[in-house]
Amino acid sequence: MIRSLPRSTAGLVALVAVALAVTTVLLGFVVYSVSHEALERQLDHRIAVETHGLLALHRHGGLYALETGIEQREATERSDGMGYILEDAQERRLAGALRATTPQPGWLEFLHSEDGRTSQALTTRLPDGARLTVAADRAPIGEIDLAILKAFGVAFSLMLAAGVAGAWLLGSVIRRRLARINAAAEAIIDGDLARRVPRDPAPNEFDDLAATLNRMLDRNEALLENLQQVSSDIAHDMRTPLARLRNVLDAAMRQDLGADESKQVLVHASRHGEDLLDLFAAVLRISEVESFQVRAAFQPTNLTEVAERCIDALRPDVEAGGYTLIADLAPDVVLDGDRRLLSQLIVNLIENAARHTPPGSTIQVRLALAGDHADLSVSDNGPGIPADRHVFVLRRFSRLEQSRHKPGNGLGLSLAAAIARAHRAELRLSDADPGLDVSLRLATIR
Amino acid sequence: MKILIAEDDEETAAFLTQGLREVGHVTSLATSGHDALFLATSETFDVMVLDRMLPGLDGLSVLKMLRAGGVRTPALMLTAVSRIVDRVEALENGADDYLIKPFAFSELHARLNVIARRPAPPEAERALSVLDLELDLQKRIARRSGRRLDLQPREFTMLEALMRNAHRVMTRTMLLEQVWDFDFDPRTNIVETHISRLRAKLNAGFTEDAIITVRGSGYMIRSE
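Residues numbered from 1 in each chain as written. Chains lettered and ligands numbered in written order. Predicted model: local features only at pLDDT ≥ 70, side-chain atom pairs only at ≥ 80, totals over all residues. Heavy atoms only, no water.

(A) Focus on the overall build of chain A. When you go through chain A residue by residue, the secondary structure sums to eight helices and 12 strands. Per-residue burial over chain A gives 40% buried out of 446 residues. Residue pairs in contact within chain A that sit at least 24 positions apart in sequence constitute 62% of those at least 6 positions apart. Taken as a whole, chain A presents about 25300 Å² of accessible surface, with 58% of it coming from carbon and sulfur. (Helix = DSSP H or I, 4+ residues; strand = E, 2+ residues; numbered from the N terminus. Buried < 20%, exposed > 50% of the residue type's maximum accessible area, 1.4 Å probe, protein only. Contact = heavy atoms within 4.5 Å. Areas by Shrake-Rupley, 256 points an atom, 1.4 Å probe, with all protein chains shown as cover.)

Below, the structure is given as structure tokens:
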């Protein structure tokens, strides 16, 4: 049943118009019956009052007084629309000008008189056998009924016309706007990725939709660009270890090697293979974290404990390298997250700081609680990164020229940034003056 | 040990079969989920290696059915995808351990050894001892030949992991998981550094090294 309803805009508006028209008809019917009923009752009341008055005359003055009363009434304006018949027990007419046969005692809805008029009548039998009929003309009721029907007929036609016009107008407006969105989508499908949905000058629902669609398109374009960037970066970064691997194997094949030397070549080759696998693992990990599927496994996590564990794990090596590692952690900071990913974030930031600063530098890990969020930061007092390069270093595989010779695949910070985003936080780089400060603000629970 | 391998990729299956036979195990190979289900229910194995993706019936479903049918053979799940959600799902469905492809053979071997003879749940355990090493798990006190050792909490946890798995190699990644709850390999040589510090504390005043380094694999506690 529901499925057979129209789905197009014009169809829906037409449906609304028809519903309005039907409502108008129903309303008209109600108004008609209520007012018709009221008029009928008014007419009955008038007849009853009149009959009551005439019967009072009869009680005081007998038939003669009644006759006189009827004649007086018929002679004056008071009888407007009223008609009377008075007959004695032998059915002889004593008074009354209404030209119709006397009905049986009681109410009669439709009394047809010889002049073609229709009346409502009440006939009463008097104690002496005479009969009195008081009738009121039904014409006013008919007139009012007709007026009501006419008014609602006009209203119905107007409603239907407005509905049809509205359907056509609204349908064409919506169609025009959707056509613009459609055209933009078609253009994007055909490869014009920079195309956007045109905006309306005034704010409205369609403009909101256009804005949302455009934001989605912006995000998709950025992701696509990132994908292209990463594909070429992976290809580029893989070439080096692959070429080295081939060189090692080529050289080994050209020479006659003893068992020990062969073993050495294999160890060497295996290490290059390992580097490649590490690279892939890191790239896959970033993709997983960036897809936000990891959020499904989020749990209340004590970030203070996670940070303590990371610092505890890294401290011996970092200090052996000549660095000072300072921890300043607020107790029991709990947030919704993945403790292993958060561990990796902190480890990456500390390792990154140690890798890019000279021995003797100080690395500080801070976790501060402020209201409903926590600020985590890892800062150093090394050479820092120029502010205009901050965005660059968060990109995958990006390595500043001066770090090219150091080990690492340039994925540490971009993985940290991806983990931060999965936790609905943004990794911010700022100047620690001197040095670099990497921080993020995480929403806490409790 | 008698090991069931459920793996449909020929090369991986050959690599596993050959490797495990070389170190003295007996292996049976199933190349589909249904084969694996049949073999695991009709024979008794010490441990099984299940690939997550198998033709017909996937590894996770096989495992679920086996566990539902009361087969308690320890299982190591192999997977090509490293999704965190998958790992949780596998462990929740009765896998005893989880390894992501590609993996080093030594890592797989060490993990199979650990899950095949996993000790009874340690809740009632109050103490552990291997040779002259003793751990009081309640008071968190470690002793060697009766002499009390001054260990940091993580060092104690690491020693406990090694002692629980006496006779078996603990790899770097196993120690990273069990001691620090890291499922990634930091660039820093965390395990080496902490092992050498623990070793220094254990060996002070003794001539025999309490920790054996197994080259290319990991570490073991000296147990004989």
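On we go from here.
(B) Up close: the overall build of chain B. If you tally the helices and strands in chain B, you get eight helices and 12 strands. The long-range share in chain B, meaning contacts at least 24 apart out of those at least 6 apart in sequence, stands at 55%. For chain B, the accessible surface area stands at approximately 10600 Å², while carbon and sulfur atoms represent 49% of it.

(C) Quick look at the sheet that holds strand β3 (residues 47-51) of chain B. All names here are of chain B. With respect to topology, five strands assemble into an open sheet ordered β2-β1-β3-β4-β5, the strand pairing being parallel. Looking along the sheet, the strands with just one partner apiece sit at the ends: β2 (26-30) and β5 (97-100). Direction aside, neighbouring strands of the sheet carry axes that sit 20° apart on average. By the bridge criterion, four bridges tie β3 to strand β4 (residues 75-79) in an arrangement that is parallel. Across the sheet, the residue bridging to Val-49 is Leu-76, located in β4. Helix α3 (residues 59-68) contacts β3 and β4 of the sheet and is inclined by roughly 145° relative to β3. (Pairing = 2+ DSSP bridges. Axes fitted to C-alpha atoms, helices over the stretch in contact; angles between N-to-C directions.)

(D) View of the packing of helix α7 (residues 172-180) of chain B against helix α8 (residues 190-203) of chain B. All names here are of chain B. For the pair α7 and α8, the least separation of the axes is 10 Å and the interaxial angle reads 75°. It follows from the interaxial angle that α7 and α8 lie roughly perpendicular. Where α7 approaches α8, its residues Arg-172, Leu-175, Leu-176 and Trp-180 are matched on the opposing element by Ile-190, Val-191, Glu-192, His-194 and Ile-195. Here the contact of α7 with α8 is built from residues that sort into six nonpolar, one polar and two charged. (Parallel < 35°, antiparallel > 145°, perpendicular 65-115°, else oblique. Nonpolar A, V, L, I, M, F, W, Y, C, P; charged D, E, K, R; others polar.)

(E) Inspection of a positive patch on the surface at higher detail. A cluster of basic side chains, namely Arg126(B), Lys139(B), Arg143(B) and Arg148(B), defines a positive patch on the protein surface. Along the polypeptide, Arg148(B) turns up in strand β9 (residues 147-149). (Patch = residues over 30% accessible without salt bridge, like charges linked within 9 Å, V, L, I, M, F, W, Y side chains within 5 Å. Salt bridge = Lys/Arg side-chain N within 4 Å of Asp/Glu carboxyl O. Lys, Arg positive; Asp, Glu negative; His and termini not counted. Charge placed at Lys NZ, Arg CZ, Asp CG, Glu CD.)

(F) Fine view of the sheet that holds strand β10 (residues 170-171) of chain B. Residue and element names in this part refer to chain B. Reading across from one edge, β10-β12-β11 is the order of the three strands in this open sheet, with antiparallel pairing throughout. The strands lining the two open edges of the sheet, one partner per strand, are β10 and β11 (211-214). The pairing of β10 with strand β12 (residues 218-221) spans two bridges and is classified as antiparallel. Bridge pairing in β12 places Met-170 opposite Tyr-219.

(G) Here's a closer look at the pairing of β4(B). Residues and elements named next belong to chain B. Within β4, five of the five residues are buried, which leaves the element mostly enclosed by the surrounding structure. Every second residue of β4 is oriented toward a common face, with Ala-75, Met-77 and Thr-79 on one face and Leu-76 and Leu-78 on the other, all of them buried. Taken together, β3, α3 and β4 constitute a β-α-β crossover, and its handedness is right-handed. The pairing of β4 with β5 spans four bridges and is parallel. What sits directly across from Thr-79, in β5, is Ile-100. (Right-handed = clockwise from strand over helix to strand, strands pointing away.)

(H) Layout of helix α5 (residues 303-320) of chain A. Residues and elements named next belong to chain A. With 18 residues, α5 should reach 26 Å at 1.5 Å per residue; the first-to-last C-alpha distance of 26 Å fits that figure. All of the buried residues along α5 are Leu-303, Thr-304, Val-306, Ala-307, Arg-309, Cys-310, Ile-311, Ala-313, Leu-314, Pro-316 and Val-318. Between the side-chain oxygen of the N-cap and the backbone nitrogen of Thr-304 there are 3.0 Å, and the N-cap of α5 in question is Asn-302. Positive backbone phi, at 95°, marks Gly-322, one or two positions downstream of α5. (Expected span 1.5 Å × (residues − 1). Polar contact = N/O pair within 3.5 Å; in protein donor to acceptor, adjacent residues only side chain to side chain.)

(I) Broad picture of the confidence of the model for chain A. Residues and elements named next belong to chain A. On average, residues of chain A carry a pLDDT of 85, and 94% of them reach 70 or more. Within chain A, no element has a lower average pLDDT than helix α7 (residues 390-393), which sits at 74, and none a higher one than strand β7 (residues 324-329), at 95. Residue range residues 400-406 is modelled with pLDDT below 50. Its contacts to residues more than four positions away, or to other chains, number 10 contacts. (pLDDT = per-residue confidence, 0-100.)

(J) Spatial organisation of the environment of Leu57(B). Residues and elements named next belong to chain B. Note on placement: Leu-57 falls in the loop between β3 and α3. Residues Leu-57 and Asp-35, spaced 22 residues apart in sequence, show a C-alpha to C-alpha distance of 9.3 Å. If we ignore the near neighbours within four places in the chain, the residues touching Leu-57 are Gly-33, His-34, Leu-37, Val-62 and Met-65.

(K) Expanded view of the interface of chain B and chain A. Of the residues lining the interface, 22 residues belong to chain B; the matching set on chain A comes to 25 residues. Note on chain B versus chain A: buried area summed over both sides is about 2200 Å², and carbon and sulfur give 55% of it. Linking chain B with chain A are four salt bridges, by the criterion used here. For Arg340(A), the salt bridge is made with Asp181(B), and the minimal N-O distance between the two is 2.9 Å. Viewed at the interface, chain A and chain B are joined by eight residue pairs in polar contact (both at pLDDT 80 or more). Every element with two or more residues in the side of chain B that touches chain A is listed here: α4 (84-92), α7 and α8 of chain B. In terms of residues, the side of chain B that touches chain A owes the most to one element, α8(B), which gives four residues. Of the residues belonging to the side of chain B that touches chain A, the class tally is nine nonpolar, five polar and eight charged. (Buried area = accessible area lost by both parts, 1.4 Å probe.)

(L) How the structure looks around the packing of aromatic side chains. All names here are of chain B. The tally for this structure, following the rule as stated, stands at three aromatic pairs over all chains. Both rings, one in Phe-15 and one in Phe-103, keep their centres 6.3 Å apart while their planes meet at 45°; by these two values the pair is tilted. Taken together, the residues span a long stretch of sequence, with Phe-15 in helix α1 (residues 10-22) and Phe-103 in the loop between β5 and α5 (105-116) at a distance of 88 residues. On the numbers, 4.8 Å between centres and 25° between planes, the contact of Phe-182 with Phe-184 is stacked. The class of Phe-184 is buried, set by a relative accessible area of 8%. Three or more aromatic residues joined by ring pairs make a cluster, and in this case those are Phe-15, Phe-103 and Phe-105. (Phe/Tyr/Trp six-rings, centres within 6.5 Å; stacked < 30°, edge-to-face > 60°.)

(M) Representation of the side chain of Thr188(B) in the model. Structurally, the position occupied by Thr188(B) is in the loop between α7 and α8. Taking the relative accessible area as the measure of exposure, Thr188(B) reaches 16% and is therefore buried. Each residue touching Thr188(B), except ones within four places of it in the same chain, is listed here: Leu314(A), Asp317(A) and Glu351(A).

(N) Just empty space enclosed by the protein, in detail. All names here are of chain A. Taken as a whole, this structure holds one cavity of 30 Å³ or more when the rule is applied. If you go around the largest cavity, the residues you meet are Arg-177, Arg-180, Ile-181, Val-197, Pro-198, Asp-200, Phe-206, Asp-207 and Ala-210. For the lining of the largest cavity, the secondary structure elements donating two or more residues are α2 (139-189) and α3 (205-254). Its residues assigned to classes, the lining of the largest cavity comprises five nonpolar, no polar and four charged. (1 Å grid on protein atoms, 1.4 Å probe; cavity = no way out; pocket = protein on both sides within 12 Å on 5 of 7 lines; lining within 4 Å. Points joined across faces, edges and corners; volume = space filled by probe spheres on them.)

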